[in-house]
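Tertiary structure, described
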Amino acid sequence: MAYEHFLRGGAFIGGQWSQAEDRTEFPVVNPATGEEIARVANCGRQETAQAIGAAVRAQREWSALPAKKRAGVLRAWHDLLIANQEPLARLLTAEQGKPLAEARGEIAYGASYIEWFAEEAKRINGDVIPAPSGDKRAICLKQPVGVVACITPWNFPNAMLARKIAPALAAGCAVVCKPANETPLSAFALAALAEDAGVPAGVISVLCGRTEEIGRELTSSKSVRKLTFTGSTAVGKKLMSDCAGSVKRMSMELGGNAPFIVFDDADIDAAVTGLMASKFRNAGQTCVCANRILVQDGVYDEFSSKLVRAVQNLKVGDGMEDGVGVGPLISEKAVEKVSGLIEDACEKGAKVLYAGASASGPCFVNPTVLEDVSADMRVFTDEIFGPVAPLARFATEDEAIRIANDTDYGLASYVYTRDMARIWRIGESLEYGMVGVNEGIISNEAAPFGGVKESGFGREGSKYGLDDYLELKYMCIGGIDK
Ligand code: SIN
């Protein structure tokens, strides 16, 4: 089936495909070719309020369904995603740009969260607590938090939304989703397949358009009881303050500045392979990408020359073409930002060890390796979000830990060493929510994904992922003694 089958304009509100009240639309553009691939309803306050109203009505019945029934619907949704993996992947590459092989991987990755939470839906167990006095019993119920607003980014248009909707629905919540305006089509495809799988009208709504207006309505509404957001730390902070007025539950998956530490005793070939996977996945546009590559003196020369050879082999181009490993960035603005970071580093003394040839087109950036990078450069302090690998040397383990933790971020971190004692020491010392040891790709549905410090709070996936969508209710039952 061609991906055009899943091309939808409009917005999906309360189980209906509809237009914005004022009939305005905006284009969705393929970043590799500049071609317009669809036009989407330019929604705002009014449409958001409709979606929230539909969610409030739908949630009562959805949460009242036996968990096994909700699990069955989620399972059917997962199966439909897998059955349509190829067209969904092509749609994703068309709107986002990532290589088709990665897009196929993302569809399976998104579906894995739906499968996981279909299983977890049946295990939302409460507790019976031994009461301190004999005539009472204490019980803890777990209940859905209520209507959830999901705001998601353009870098993983399928998986970031799937891993929010799946636990929400498993818990018995209804959702109103605002995907990024750059990549709404994969979100609409998810909603269409959810409807086919039997998700009742109103349980999932998806709309895009006037981002600030939609955001204001979602954050100020008293009917929305939780907001879950993946995106930049700056926007996360704004949403947190906007949610304060209605005291909402929140989960924040925010930016990262991952250190990638290679010790003298590491398997250098494995470290280069791990770095290539971590750094160049999605052209470097992931929050968990290696951002600062710290290499110990004794292996620096070997590591950097092997890395350059590996980067030389990267093919840059339209993600639909065979063999492409690095696609375009999402926009020309993103290219300007990444080019600015390279310029800033070079002005402050960094050297370009390698700058590959890029495909033609305004959204492409050459894969670049920089060395002699230091803490005063923006490549070291900012989230790069592009195919740029900045290298710096270190001498001792203490120095590596100090540099690694010297950031406001705390999402992912990576370390390559064969010393088991060091693995424990450094794993415990790194101030990050996730640590990859001798591994560059660490995310999966069974593991808790999330950060500390200004990388946010809350965890997605794993046995902990449902907690963010559940309220605890304590019931004290008295008069038990005869
Ligand atoms: C992200 O960039 O935030 C998501 C990456 C992942 O799930 O591995």
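Heads up: the structure comes first, above all this text.
Below is a short write-up of the structure. Here the structure is a predicted model, which is why all the values come from computation and not from measurement.

1. Examining the site of the ligand
As a matter of local geometry, the ligand sits amid Tyr-109, Asn-155, Phe-156, Met-160, Arg-163, Arg-281, Thr-286, Cys-287, Val-288, Ser-443 and Phe-449. Contacts to the ligand include Arg-281, whose side-chain N or O atom sits 3.0 Å from an oxygen atom. The side chain of Ser-443 places a nitrogen or oxygen atom 2.5 Å from an oxygen atom of the ligand. Taking 260 Å² as the accessible area of the ligand by itself, protein coverage stands at 99%. With respect to the pocket detection grid, the ligand is positioned in the largest cavity.

2. Here's the deal with the sheet that holds strand E20 (residues 470–477)
On the basis of which strands lie adjacent, the open sheet formed by three strands has the order E5-E6-E20 and antiparallel pairing. Where the open sheet ends on each side, the last strands, each with one partner, are strand E5 (127–129) and E20. With direction set aside, neighbouring strand axes in the sheet form an average angle of 25°. Here strand E6 (residues 137–144) runs beside E20; their pairing, made up of eight bridges, is antiparallel. Its bridge partner being in E20, Gln-143 is matched across the sheet by Glu-471.

3. Observations concerning the sheet that holds strand E18 (residues 434–437)
Ordered by their spatial adjacency, seven strands build an open sheet running E14-E15-E16-E13-E12-E17-E18, and the pairing between neighbours is mixed. Two strands bound the open sheet, and with one partner strand each, they are strand E14 (351–355) and E18. The average undirected angle you get between the axes of adjacent strands in this sheet is 20°. Strand direction decides the pairing type here: strand E13 (residues 290–296) and strand E16 (residues 388–394), joined by four bridges, are parallel. Bridging from a neighbouring strand, Leu-294 pairs with Ala-392 of E16. Taken strand by strand, helix H13 (residues 397–405) contacts strand E12 (258–262), E13 and E16, and its axis lies near 165° from that of E13.

What counts as what
Residues numbered from 1 in each chain as written. Predicted model: local features only at pLDDT ≥ 70, side-chain atom pairs only at ≥ 80, totals over all residues. Heavy atoms only, no water. Near = heavy atom within 4 Å. Polar contact = N/O pair within 3.5 Å; in protein donor to acceptor, adjacent residues only side chain to side chain. Areas by Shrake-Rupley, 256 points an atom, 1.4 Å probe, with all protein chains shown as cover. 1 Å grid on protein atoms, 1.4 Å probe; cavity = no way out; pocket = protein on both sides within 12 Å on 5 of 7 lines; lining within 4 Å. Sits in = over half its atoms within 2 Å of the grid points. Pairing = 2+ DSSP bridges. Helix = DSSP H or I, 4+ residues; strand = E, 2+ residues; numbered from the N terminus. Axes fitted to C-alpha atoms, helices over the stretch in contact; angles between N-to-C directions. Contact = heavy atoms within 4.5 Å.

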